[in-house]
Amino acid sequence: MTIQGLSIRDSAPRMVLFSLYFLAYELSGYVMFSLMMFSDILLCLLLGVGLGFCGGMLGIGGGIIAIPILGVLFGMDQHMAQGTALVMITPNVLIGFLRYRQRNRIDTRVALTMCLFATGSAYLAAHIASSIDVNSLQRAFAIFLLVLAAYYMWQWYNKKRSQTSEVVLSTHYLPLLGVASGFMSGIFTVGGGLVVVPALVTLFAFAQTQAQGMALILVVPGALAALLSYSQAGNVDWNIGLPLALGGIVSVSWGVAVAHKLPVVYLRAAFCLVLVGVGITMLLLR
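Here is what the cut-offs are and how they apply
- Residues numbered from 1 in each chain as written.
- Predicted model: local features only at pLDDT ≥ 70, side-chain atom pairs only at ≥ 80, totals over all residues.
- Heavy atoms only, no water.
- Helix = DSSP H or I, 4+ residues; strand = E, 2+ residues; numbered from the N terminus.
- Buried < 20%, exposed > 50% of the residue type's maximum accessible area, 1.4 Å probe, protein only.
- Contact = heavy atoms within 4.5 Å.
- Areas by Shrake-Rupley, 256 points an atom, 1.4 Å probe, with all protein chains shown as cover.
- Expected span 1.5 Å × (residues − 1).
- Core = buried A, V, L, I, M, F, W, Y, C linked by side-chain atoms within 4.5 Å.
- 1 Å grid on protein atoms, 1.4 Å probe; cavity = no way out; pocket = protein on both sides within 12 Å on 5 of 7 lines; lining within 4 Å.
- Points joined across faces, edges and corners; volume = space filled by probe spheres on them.
- Polar contact = N/O pair within 3.5 Å; in protein donor to acceptor, adjacent residues only side chain to side chain.
- Patch = residues over 30% accessible without salt bridge, like charges linked within 9 Å, V, L, I, M, F, W, Y side chains within 5 Å.
- Salt bridge = Lys/Arg side-chain N within 4 Å of Asp/Glu carboxyl O.
- pLDDT = per-residue confidence, 0-100.
- Bend = angle between axes of the 7 residues up to and from the residue.

Q: Help me understand the overall build of the chain in this model?
A: Across its full length, the chain holds ten helices and two strands. Put simply, the chain has 286 residues, and 47% of those count as buried. Long-range pairs, those at least 24 residues apart, make up 85% of the contacts in the chain with a sequence separation of at least 6. When the accessible surface of the chain is totalled, it reaches about 14,500 Å², and 69% of it is carbon and sulfur.

Encoded structure:
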């Protein structure tokens, strides 16, 4: 049998070769896509491991470092980066708190009271943040970090020079700190923990590691409330956030262990360096 002068016997091998070529082309595309997906997931997992370690060591959950990295590596704007970072922050801070609590005396009742005050202010602030211009939010975030670092370094330097006794506030004022922490968490997603550690150390005479543990549990309700708000606004990339969270869960305990082995002076210096580094990076990325 022939079709327009071409026999089926002659055309069959060509059809088979064409089919095999098409199948190979499709399979190669699928393999390349799968490899790209695997490499992205592996990158997020490894990134989560590093962020979880740093967050556990400094008592900040890792979000402060994750936000600019998500912007650089994945091209996220400030809102999307903050919302995605919250997916990682929430489990990291909870696990970190449990590890710090094993090594420090942390009043759970006081911590939970602060959490209640932080939750409402965080949810309200997250709604406000979603309506703020991205560039303005990024600039405010960077300036906030630099000011906080300057204050923490000044307070540290002034304490070393001063011989007078410090004024220590009563723990009755801790709920107000919870409100401030929740508001900062809602606006910047990571600001709450950054506010709490210096405040507890300088105003309430907490030890550095004790303050870091308290800061972590205080971030949990605020992070959950903020994550809900950002998710409702469509500002969360779960495909990236979940691998980050898994990586952080693995390594956050390692960071906590290292924090208790380092001298306090190194912990405070590292804390300030992270604040300055991220603040400058955020300003340069504008």
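So, next bit.
Q: For this particular structure, what's the right way to read helix α2 (residues 63-74)?
A: Residues spaced three or four apart along an α-helix face the same direction, because each turn holds 3.6 residues. For α2, built from twelve residues, the straight-helix expectation of 16 Å at 1.5 Å per residue is met to within 8% by its first-to-last C-alpha distance of 15 Å. Looking only at α2, the buried set comprises Gly63, Ile64, Ile65, Ala66, Ile67, Pro68 and Leu70. Gly75 occupies a position one or two residues after α2 and carries a positive phi of about 65 degrees.

Q: Any chance you could explain the nonpolar core here in plain terms?
A: Burial of nonpolar side chains together is a common tendency in soluble globular proteins. Counting 74 residues, the largest nonpolar core has Ile64, Ile89, Leu177, Leu200, Met214 and Leu244 as the members making the most contacts within it. The element best represented in this core is helix α8 (residues 208-232), accounting for twelve residues.

Q: Can you walk me through the layout of surface pockets in this structure?
A: Gaps left between atoms show up when a probe the size of a water molecule is rolled over them. Approximately 200 Å³ is the volume attributed to the second largest pocket. Taken together, Asp107, Arg109, Val110, Thr113, Met114, Thr171, His172, Leu174, Pro175, Phe206, Gln210 and Met214 make up the full set of residues lining the second largest pocket. Sorting the residues of the lining of the second largest pocket by element identifies α4 (108-130), α6 (174-188) and α8 as the ones contributing at least two each. Among the elements that line the lining of the second largest pocket, the one with the most residues is α4, at four residues.

Q: What's the story with the side chain of Gln212 in this structure? I'm lost.
A: By secondary structure assignment, the location of Gln212 is in helix α8. Owing to a relative accessible area of 0%, Gln212 belongs among the buried residues under this scheme. Engagement of the side chain of Gln212 in a polar contact is seen with the backbone oxygen of Met57, the distance being 3.1 Å. If sequence neighbours within four positions are ignored, Gln212 has contacts with Met57, Leu58, Gly59, Tyr100, Val197, Ala259 and Leu267.

Q: Hey, could you run me through a nonpolar patch on the surface in this one?
A: A cluster of nonpolar residues, Tyr151, Trp154, Leu169, Tyr173, Leu176 and Leu203, forms a patch on the protein surface that exposes about 620 Å² of accessible area. Inspection of the secondary structure assignment puts Tyr173 in the loop between α5 (134-161) and α6.

Q: Would you mind going over the confidence of the model for the chain with me for this structure?
A: Do not read the fine detail of predicted coordinates wherever pLDDT is low. When pLDDT is averaged along the chain, the result is 77; 79% of the residues meet or exceed 70. Within the chain, the element-level pLDDT minimum falls on strand β1 (residues 2-3), averaging 47, and the maximum on helix α9 (residues 238-259), averaging 89. Long-range and interchain partners of residues 29-36, a stretch whose pLDDT sits below 50, account for zero contacts in this model, where long-range means more than four residues apart.

Q: Please explain unusual backbone geometry as it appears in this structure.
A: Phi is mostly negative for residues that are not glycine, and the peptide bonds are mostly trans. A positive phi angle, close to 60 degrees, is found at Ala205, a residue other than glycine. With a relative accessible area of 47%, Ala205 lands in the partly exposed category.

Q: What is the right way to look at α9 in this model?
A: Taking 1.5 Å of rise per residue, the 22 residues of α9 would be expected to cover 32 Å, and the 30 Å separating its terminal C-alpha atoms lies within 8% of that figure. Within α9, the axis deviates most sharply at Ser251, by approximately 40 degrees. Measuring from the backbone nitrogen of Asn239 back to the side-chain oxygen at the start of α9 gives 3.1 Å, which picks out Asp237 as the cap.

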